[in-house]
Amino acid sequence: MAHKAGFVNIIGNPNVGKSTLMNAFVGERLSIITSKAQTTRHRILGIVNGEDFQMVLSDTPGIIKPAYEMQESMMDFVKSAFEDADVLIYMVEIGEQELKDEAFFNKIIHSKIPVLLLLNKIDNSNQEQLEEQVAFWTAKVPNAEIYPISALKNFNVPEVFQRIISLLPDSPPYYPKDQLTDKPERFFVNEIIREKILLNYSKEIPYAVEIVTEEFFEDEKIIRIRSVIMVERDTQKGIIIGHKGAALKKVGMDSRADLEKFFGKQIHIELYVKVNKNWRSNANMLKRFGYNQ
């Protein structure tokens, strides 16, 4: 039996459901999901294995006009998604009519590889609006196959999954068949803590935060974690900690609950907050945090 394998890269504007789709395909929460834009900062691979196929999915940051160096690096992850894709998924949502960067859009419509345009969140529309949107995107991206879906409700997701498999080239697997992702454990610790900050704080706080897991010790029954929440200003540090440490304690409790589900073990977690002024514009800091690769 022939074996298929390839890279399937998901791009689109912020908050259109890219992470929800990848998690639905992989069957694990590899990408954090919140209602806030710019949740995904890195390019995250999720690997789906079958007996005769390996689908290497790539979730990328939402396409934006970069305002500072960290966002420049985020858009570099999106650019790289064009370079190694065997299938490109361009994800839009009902009501959307443009990509935030025209250069990326030109790459999509002139792509030499198969493009699947997924019209997401159709559960928020009616039949008339859906038909209008399908007609609009058919004219705008004539090289794409269009699939109306709801990634959250799993509508049409299995059909898209099967279509992707049919488009994968014949190839041996790129990764071991028992591998789920290319990221280490500490990456997912950082992402789960960052998700809780996105959910528990407002305004600029979540976007000024980076997580560094300094210790990760795994025993048979427990994992001991020590992570630092990095902020840019002293005032942000105070907000993260909260009155008598209550806000930071809640982040720790919420993170521990999700980490125990993710790793299937008891978690002991210690969180600290440090100020690192203007880290989002510091090339050395960005490299340390996994940007500017």
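Refer to the structure above for everything that follows.
Owing to the predicted nature of the structure, the values given are computational and were not obtained by experimental measurement.

**Student:** Describe the pattern of salt bridges, listing the residues and the values that go with them.
**Tutor:** Here the structure, examined in full by the defined rule, presents nine salt bridges. Between E218 and K265 there is a salt bridge whose closest N-O contact spans 2.8 Å. Remark: K265 occurs in the loop between α8 (246–263) and β9 (266–275) and E218 occurs in strand β7 (residues 210–218); sequence separation between them is 47 residues. According to the relative accessible area criterion, E218 is partly exposed, its value standing at 43%. Residues joined by salt bridges that share partners form a network here, namely E195, K196 and D258.

**Student:** Provide a residue-level description of the packing of aromatic side chains, including the pertinent values.
**Tutor:** The final tally for this structure, using the stated rule, is eight aromatic pairs. Their ring planes at 85° and their centres at 5.9 Å tell us that Y90 and W137 sit as a pair that is edge-to-face. Within this pair, whereas Y90 is found in strand β4 (residues 87–93), its partner W137 is found in helix α4 (residues 127–140), the two being separated by 47 residues in sequence. With a centroid separation of 5.1 Å and 80° between ring planes, the pair formed by F262 and F263 is classed as edge-to-face. Under the relative-accessibility criterion, F262 is labelled partly exposed at 27%. What links up through ring pairs into an aromatic cluster is the set F188, F216, F262 and F263. Lying over the aromatic face of Y272, R226 brings its terminal NZ or CZ to 4.3 Å of the ring centre.

**Student:** An account of the nonpolar core is requested, with residue identities and associated values reported.
**Tutor:** Grouped together as the largest cluster of nonpolar side chains are 26 residues, with contacts concentrated most on L21 and M55. Of all the elements in the fold, those that place two or more residues in this core are β1 (4–12), α1 (18–26), β3 (53–59), β4, β5 (115–120) and α5 (157–167). Residues contacting M55, with those up to four places away along its chain left out, are G6, V8, G46, I47, V48, F161, I164, I165 and L168. By size, the runner-up hydrophobic cluster in this structure holds 22 residues, among which are V189, V209, L259 and L271.

Reading the values: the criteria
- Residues numbered from 1 in each chain as written.
- Predicted model: local features only at pLDDT ≥ 70, side-chain atom pairs only at ≥ 80, totals over all residues.
- Heavy atoms only, no water.
- Salt bridge = Lys/Arg side-chain N within 4 Å of Asp/Glu carboxyl O.
- Helix = DSSP H or I, 4+ residues; strand = E, 2+ residues; numbered from the N terminus.
- Buried < 20%, exposed > 50% of the residue type's maximum accessible area, 1.4 Å probe, protein only.
- Phe/Tyr/Trp six-rings, centres within 6.5 Å; stacked < 30°, edge-to-face > 60°.
- Lys NZ or Arg CZ within 6 Å of the ring centre and 35° of its normal.
- Core = buried A, V, L, I, M, F, W, Y, C linked by side-chain atoms within 4.5 Å.
- Contact = heavy atoms within 4.5 Å.

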